[in-house]
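Structural overview
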Amino acid sequence: MSDRAKVTLPRLAEMKANREPIVMITAYDYPSAEIAEEAGVDIVLVGDTAAMVVLGHDATTPVGMDEMVVLTSAVRRGLKTPMLVGDMPFGSYETSNEDAVRNAQRFVKECGVDAVKLERGGPSVDRARAIVRSGIPVMGHVGLTPQTATALGGFKAQGKTAEQAAQLVEDALALQAVGCFAIVFEAVPAGVTEAIMPRMEIPVIGIGAGNATDGQVLVWHDLLGIYGGHKPKFVKRFAELRTEMLAGVSAYSEQVRSRTFPTEEYSYSIDHEQLAEFHTYLEEESLSAHAKWDW
């Protein structure tokens, strides 16, 4: 995929206009970024889901800017073509527009992101407007917003009543109006998404939101079968790497314990004469040491 052009905001708008599906994926380290690059995905999100799938927390809220900067910088080093989006973690933008802009700027200056993402409508609309006005592209996120999952009643679908669906479309349109270049719809009934799409002028990326969106996103560890935690309804396993990884580590452990690894094939050699000379040196050193302490 080395001949692909860099994915830009105009390119994403063009893809929406041409009904060309947008492929988005999360990644959290350099090797994953390299694979995303070679696979030809369009957008890579360094999501705050790292708190769960990388750092072992049971929610996304514990991760902070410092951790996100480290992870996002690693991903940046592995990417050339996809658009890189940094996920604004919980606590990095809610307090004020100034905090939101400052932390968005950290993502740009320290990690080289092309854009940032923040969750929810409501007060987040003002934050999105401020970040956009500072010159940094913003991706919105409505529906199930993991940072506020407790307030939403847990990790479950949103927009399942007419009232909830109305709030969802209002949030999406508000984010669109303040200049977001794209919006993620998460865990939204497919029928609701389909009804909203004609009103959306910017790309909509779905995750558990049906097939009417302009693109799809899944978490790296979910789609590859690495994460052993809760599997949402919308996750399809495209590989079962956890099984393969467990088999590989178990086989390694068994061979180390049985001393069948490493064999000569995986060991370095030395010229026989050089080895014999080294043994002579060790013998002489040993004799010298005995003489020194032989009182």
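In what follows, the accompanying structure is described.

Regarding the pattern of salt bridges
- Counting across every chain of the model gives 11 salt bridges.
- Taking the shortest distance from any N to any O, the salt bridge between Glu14 and Arg11 comes out at 3.4 Å. Residue Glu14 and its partner Arg11 are located together in helix α1 (residues 9–17), separated by 3 residues, close to a single helical turn.
- Arg11 gets classed as partly exposed once you look at its relative accessible area, which sits at 26%.
- A salt bridge links Lys16 to Asp214; its shortest N-O distance comes to 2.9 Å. Of this pair, Lys16 sits in helix α1 while Asp214 sits in the loop between β7 (204–207) and β8 (215–218); the two residues are 198 residues apart in sequence, bridging distant segments of the chain. Like Asp214, Lys16 is buried.

A closer look at helix α5 (residues 97–111)
- The end-to-end C-alpha separation of α5 is 21 Å, in line with the 21 Å expected for 15 residues at 1.5 Å each.
- Every buried residue of α5 is accounted for by Asp99, Ala100, Val101, Asn103, Ala104, Phe107 and Cys111.
- On its buried side, α5 packs onto α4 (65–78), β3 (83–87), β4 (115–117) and α6 (123–133).

Details of the packing of α5 against α6
- Where α5 meets α6, the axes come as close as 9 Å, and the angle between the chain directions of the two elements is 50 degrees. As far as their axial angle goes, α6 and α5 are oblique. In the packing of α5 onto α6, the handedness of the crossing is right-handed. For the pair formed by α5 and α6, the contact residues are Asn97, Ala100, Val101 and Ala104 on the first element and Asp126, Arg127, Ala130 and Ile131 on the second.
- Residue classes in the contact of α5 with α6 are distributed as 5 nonpolar, 1 polar and 2 charged.

Things to note about the packing of helix α2 (residues 30–39) against α4
- Relative to each other, α2 and α4 sit at 40 degrees, their axes nearing to 7 Å. It follows that α2 is oblique to α4 by the angle criterion. Considering the relative orientation of α2 and α4, their crossing is right-handed. Residues Tyr30, Ala33, Glu34 and Glu37 of α2 touch α4, and the partners they reach there are Ala74, Val75, Arg77 and Gly78.

What counts, and where the lines are drawn
Residues numbered from 1 in each chain as written. Predicted model: local features only at pLDDT ≥ 70, side-chain atom pairs only at ≥ 80, totals over all residues. Heavy atoms only, no water. Salt bridge = Lys/Arg side-chain N within 4 Å of Asp/Glu carboxyl O. Helix = DSSP H or I, 4+ residues; strand = E, 2+ residues; numbered from the N terminus. Buried < 20%, exposed > 50% of the residue type's maximum accessible area, 1.4 Å probe, protein only. Expected span 1.5 Å × (residues − 1). Contact = heavy atoms within 4.5 Å. Axes fitted to C-alpha atoms, helices over the stretch in contact; angles between N-to-C directions. Parallel < 35°, antiparallel > 145°, perpendicular 65-115°, else oblique. Left-handed = near helix turned anticlockwise from the far one by under 90°. Nonpolar A, V, L, I, M, F, W, Y, C, P; charged D, E, K, R; others polar.

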